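# Understanding the architecture of this molecule
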Amino acid sequence: MISVSHKAKQFLVLVVKLLIVGAAFYFIYKQLMQNDQLDWEKFITLIQSKQTFGSIALILLLTFLNRFLEILKWQNLVSVIRPVSVGEASKQVLGALTAAIFTPNGIGEYAGKALFFEKSQTKKIVFLNLICNGIQMVLTVLFGLFGLLYFNASFQVITTQTVLILFGSLLVLLVVLFLAKRITIKGYSIEKLIHKINEIPKSIHRKNIVLAIGRYLFFSHQYYILFLVFDVDLPYTLLMATITSVYFLASSLPTFQFLDFAVKGSVALYFFGLLGVNEWIVVFISTLMWFLNVVLPVIIGSYFVLNFKSQWKS
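Looking at an unreviewed UniProt entry, one finds the protein chain named Lysylphosphatidylglycerol synthase TM region, with Flavobacterium supellecticarium as its source organism.

Pasting the structure below:
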């Protein structure tokens, strides 16, 4: 009976692995092949006309660095539980990314990483992943707000009164959170969260912030370089302000990883349209960014999912 049960469990795990990988590839295929905004003949022609060895090498390098810094961030944070190698951290990050591609806002990533550790450590892993993603979101908001203000100064997307209302609302929210930090809901409070964050050594927090800044700069400048490759001639500050604004606003919207390029592409079309950039170029670059930074890591992560062995113990 035990032997049969064990075999049934192995079969179930295999089915789940195949479902995750199959669903990931299905969603990728659906978005790439059934998207009416993409003219693949025009896309291939543009790529062939613009490609140079130097530009391709630089873009691929930035793709690698973007994901590699995320792996180093996770390796750094998870060291408070146990040391992991870069290879092990890579399995956890890329495997979790594959599992999260069809979940809202990448929620599946939390469960995906937790499966690489014992069940008793699940809460700690979820908490560390929250910090890992949280610092990236904080930087996205900070750079995005400054970029949006710079962009708005030239194009008046929103009125000055609206800007003041937004900042006023943000200030009120911060004050409310500070005053309510001791209020407990189901055993959790902001004060308790801050205390848990402070339990992590400051050296780990500093390294996490530095790696997060590096990742943001690599990602945003990959976007910038692609516009240069497609002959978009705009001042550096204006182009970067637009990129940070698009990334901030698109990241604020609830979405799925496999729809990421569609959401960012829609926001990008509006902002870059104001700059007079050809809409096809915006769509192509948004698609390329998604392919390089989501699809390629998911393909690699699929290998780790298929070879995954859970560390959970009852």
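### A closer look at the packing of aromatic side chains
For the structure shown, the criterion picks out 12 aromatic pairs. Arranged with centres 5.1 Å apart and planes meeting at 80°, the rings of Y224 and Y236 form a pair that is edge-to-face. Of this pair, Y224 sits in helix α9 (residues 202-229) while Y236 sits in helix α10 (residues 236-251); the two residues are 12 residues apart in sequence, bridging distant segments of the chain. Among the aromatic residues, those joined into a ring-pair cluster are F143, Y216, F219 and Y247.

### So, unusual backbone geometry
Positive phi outside glycine occurs at D231, with the angle close to 60°. With respect to the helices, strands and loops of the structure, D231 is situated in the loop between α9 and α10. The class of D231 is exposed, set by a relative accessible area of 55%.

### Quick notes on the UniProt feature "transmembrane region" (unreviewed entry) in the protein chain
The UniProt entry lists residues 12-32, 52-69, 126-151, 157-180, 209-230, 236-255, 267-285 and 291-308 under the feature "transmembrane region" (unreviewed entry), expressed in the numbering used here. Note that residues 126-151 is 100% helix and 0% strand, and that its end C-alpha atoms are spaced 36 Å apart. Here residues 209-230 is 95% helix and 0% strand, with 32 Å between the C-alpha atoms at its ends.

### Regarding the nonpolar core
Ranked by size, the top nonpolar core spans 35 residues in total, and within it Y223, F227, I243, F272, V277 and I285 carry the most contacts. Elements with a contribution of two residues or more to this core: α3 (53-78), α6 (122-155), α9, α10, α11 (260-274) and α12 (279-306). Residues in contact with I285, not counting those within four places in the same chain, are Y223, L226, F227 and F230. V93, A114, F116 and F127 belong to the second largest nonpolar core, which has 17 residues in total.

Calculation notes
- Each residue is numbered by its place in its chain's sequence as written, counting from 1.
- The predicted nature of this model means local features are confined to residues of pLDDT at least 70 and side-chain atom pairs, given and counted, to a pLDDT of 80 or more, with totals for whole chains, interfaces and linings taken over all residues.
- The basis for every side-chain value is the complete set of non-hydrogen atoms in the structure, without hydrogens or water.
- Each Phe, Tyr or Trp ring, with Trp reduced to its six-membered ring, pairs with another whose centre is within 6.5 Å; inter-plane angles below 30 degrees give stacked pairs, above 60 give edge-to-face pairs, and intermediate values give tilted ones.
- Every helix listed is a DSSP run of H or I at least four residues long, and every strand listed is a run of E at least two residues long, numbered separately from the N terminus.
- For each residue, the accessible area found with a 1.4 Å probe, counting protein chains only, is set against the maximum for its type, and the residue is called buried under 20%, exposed over 50%, and partly exposed in between.
- UniProt positions are given in the numbering used here, feature names are shortened, and annotations may be inferred rather than shown by experiment.
- The definition of a nonpolar core used throughout is a set of buried Ala, Val, Leu, Ile, Met, Phe, Trp, Tyr and Cys residues joined through side-chain atoms within 4.5 Å.
- Only heavy atoms enter the contact rule, under which two residues are in contact if any of them lie within 4.5 Å.

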